[in-house]
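Structure assessment
This is what each chain is made of:
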Amino acid sequence: MNCRFVYLILLVFSYSISNAQYKVTAQDSAVFKQLFNLSLTNGHAYARLGELCKTIGPRISGSDEAEKGVNWAFRMLKSYNFDQVDTQGVMVPRWVRGQKEIVKIKSVYLSKILANSKNRTQLISDIAKSSYSHSPAATFECESYLTAQTKSTTWFQLPAKTLGGSVAGKLEAAVVSITNKNQLDSLGKLGKLKNKIVLLNRPMDEAELNTFKAYGACATQRVLGSNWCSPYGAIAVLVRSVSNKCDLNPHTGSIYYAKDINPIPMAAIATAAADVLHYLSQQDPQLVVSIELDCKFLPDRLSANIMAQTNGTLYPNKIIAFGGHFDSWDVGEGAHDDGAGCMHAFEALRLLKAIGYKPRHTLRCVFWINEENGVRGANEYARRSAALGENHIVAIESDRGGFTPRGFGVDSVLIQLVKAYTPLLNHYGIGQLENGGGGVDIAPLKTVFPNIQLVSFIPDSQRYFDVHHAETDVFESVNKRELELGAAAMAVMIYLIDQSMD
Ligand SMILES: [Zn+2]
């Protein structure tokens, strides 16, 4: 029985125990150093992510690319001679974007202004002032958008992406721009949204340091927008892209249609385009928006979760699972979201094997399928694990991009333990601990293993939403050292848990 075991038992009965009772051993320091050195000098995460992004690319659930990707991942993991590599079949939904995702505005007002360069300069300045991105970048992006427009036309196309799971539609109507739910409800009750297209234009809170918090507050308008607007008679919803960046890249994402509403088409427009449309909706009473989307659902298709593991020497039936989601949206290359998380997990398993570490528990890397639009992979994984009589003691999820690792969100029992290692974690810049761990793909495990401890990998969050769900989430947006450091951070966390828990 090692000292960490005693420490954990004490913690279970008394959370007030002093962290000073625990001492980091020379072995701990040596293992941390080995894992970080190896990841930085001969890491494999970046090279494998490059293969995934450049030979497979985007991998939306149910697509041919996702299936090619599953085969690639299985072969890739097999080549490392882990104790076991498996796939686990699961039926996934198959939503197809189609060829048309056109959002256009008709504005004689804009056309007249663009014909005169002085007026155009004034317009750009006015848009920047009225926008929610009160920054020089907003001015620049609006200017680049407006300058690119043909001045002789009255129809202007906005950079748009159909939101995942949307119904198709072809329609034309006036637009109402709205920034919060109260405003929407007041206008809706007055009948002002009837037969209108609604622009849900709430921006991310730039003052919020944790961009995931700002995202969470804003993403509801994307996920629930149709349910909010359809009952008031709106005929379509445009959503300001949920991104910190003011640019011309639209960001897709999931939506949810409540069963009791009439589902209406939904598309995201780029943040700079939302600024332009919001301004025009206030200034041009004749403004018309035209939307044409030809997305559709095809029948569900068989796909798979992919797993690789090193068997435990002492507790082979107690599993520490760690992973990310293998599917992505059908834009960009799913590099940060969540190729990076999958590569963190694979590389953590490889690093521990490469230094000759013999784990006490079974270490299992999992690439879950269908996180973005269904979570069928994670649900099936949890269901099947319980049915097989397995026992998961900890699950770690990496789904926040491949940026510089900062720390972890950790469940209640484990956090006391991890806190004791803070000096060592701080040495590697990963000592930021938050109360409570979790993630979309590990949450279902909690329902079948109530005592499981969940851990979220936390990297720096400042750039993630610049590329999240957009064409710009490509391999080139990932930094090699940052990605490899993330894998090492995951490996040391697995090592600590493996050593400390029984
Ligand atoms: Zn993700």
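Below, the structure is looked at part by part.

Conventions used here
Residues numbered from 1 in each chain as written. Predicted model: local features only at pLDDT ≥ 70, side-chain atom pairs only at ≥ 80, totals over all residues. Heavy atoms only, no water. Core = buried A, V, L, I, M, F, W, Y, C linked by side-chain atoms within 4.5 Å. Buried < 20%, exposed > 50% of the residue type's maximum accessible area, 1.4 Å probe, protein only. Helix = DSSP H or I, 4+ residues; strand = E, 2+ residues; numbered from the N terminus. Contact = heavy atoms within 4.5 Å. Polar contact = N/O pair within 3.5 Å; in protein donor to acceptor, adjacent residues only side chain to side chain. Pairing = 2+ DSSP bridges. Axes fitted to C-alpha atoms, helices over the stretch in contact; angles between N-to-C directions. Donors = N, O, S within 2.8 Å, 3.2 Å for Na, K, Ca; no water. Tetrahedral: all angles 85-135°; square planar, octahedral: opposite > 155°, others 65-115°. Phe/Tyr/Trp six-rings, centres within 6.5 Å; stacked < 30°, edge-to-face > 60°. Lys NZ or Arg CZ within 6 Å of the ring centre and 35° of its normal.

**Some words on the nonpolar core**
Ranked by size, the top nonpolar core spans 72 residues in total, and within it Phe 322, Phe 326, Met 343 and Phe 367 carry the most contacts. The biggest single contributor to this core is helix α17 (residues 480–500), with 12 residues. In contact with Phe 326, other than residues within four places in its own chain, are Leu 52, Arg 59, Ala 66, Gly 69, Val 70, Trp 72, Ala 73, Ile 306, Cys 342, Phe 367, Trp 368 and Ile 369. Counting residues in each nonpolar core, the second largest holds 39 residues, with Ile 60, Ile 124, Tyr 145 and Leu 280 among its members.

**A closer look at the side chain of Glu 390**
Turning to its location among the elements, Glu 390 is positioned in the loop between α12 (376–387) and β14 (391–397). In this structure Glu 390 comes out as buried when scored by relative accessible area, which is 16%. For Glu 390, the side chain forms a polar contact with the side chain of Arg 364, separated by 2.9 Å. Polar side-chain contacts of Glu 390 include one of 2.7 Å to the side chain of Ser 385. Residues contacting Glu 390, with those up to four places away along its chain left out, are Asn 317, Ile 319, Arg 364, Ser 385 and Phe 449.

**Description of the environment of Asp 330**
For Asp 330, the location among the structural elements is in the loop between β12 (315–325) and α11 (335–354). Look at Asp 330 and you get partly exposed, because its relative accessible area is 24%. Sequence-distant contacts of Asp 330, that is, excluding residues within four places in its chain, are made with Pro 58, Ile 60, Trp 95 and Arg 97. Of the polar contacts made by the side chain of Asp 330, one reaches the side chain of Arg 97; its length is 2.8 Å.

**Observations regarding the sheet that holds strand β6 (residues 175–178)**
Where strands meet in a sheet, backbone hydrogen bonds hold them as pairs that are either parallel or antiparallel. Taken in spatial order, the 5 strands make up an open sheet running β4-β9-β8-β7-β6, and their pairing is mixed. Of all strands in the sheet, those bounded by a partner on one side alone are β4 (160–162) and β6. Taking each pair of neighbouring strands and ignoring which way they run, the sheet shows an average axis angle of 25°. Here 3 bridges tie β4 to strand β9 (residues 266–269), and the two strands are oriented antiparallel to one another. Bridge assignment links Thr 162 to a residue of β9, and that residue is Ala 267. Against the sheet, helix α8 (residues 181–189) touches β6 and β7 (197–200), its axis set at about 145° to β6.

**Section: the coordination of the zinc ion**
The coordination sphere of the zinc ion contains the protein donors His 325 (NE2), Asp 337 (OD), Asp 399 (OD) and Asp 399 (OD), at a distance range of 1.9 to 2.7 Å. Coordination at the zinc ion comes from 4 donor atoms whose angles at the metal span 52 to 149°, giving a geometry best classed as irregular. Every donor residue of the zinc ion comes from the same chain, spaced as H-x11-D-x61-D. Of this pair, His 325 sits in strand β12 while Asp 399 is found in the loop between β14 and β15 (405–410), placing the two residues 74 residues apart along the sequence. Residues His 325 and Asp 399 agree in their burial class; the two are buried.

**Here we look at the packing of aromatic side chains**
Here the structure, examined in full by the defined rule, presents 15 aromatic pairs. Between the aromatic rings of Tyr 80 and Phe 82, the centroid separation amounts to 6.0 Å while the plane-to-plane angle is 25°, which identifies the pairing as stacked. Ring geometry for Phe 326 and Phe 367: centres 5.9 Å apart, planes at 5°, overall stacked. You can see Phe 326 sitting in the loop between β12 and α11 and its partner Phe 367 sitting in strand β13 (residues 361–368), a full 41 residues away along the chain. Side by side, Phe 326 and Phe 367 carry an identical accessibility label, which is buried. Against the face of Trp 155 rests Lys 104, its NZ or CZ located 5.1 Å from the ring centre.

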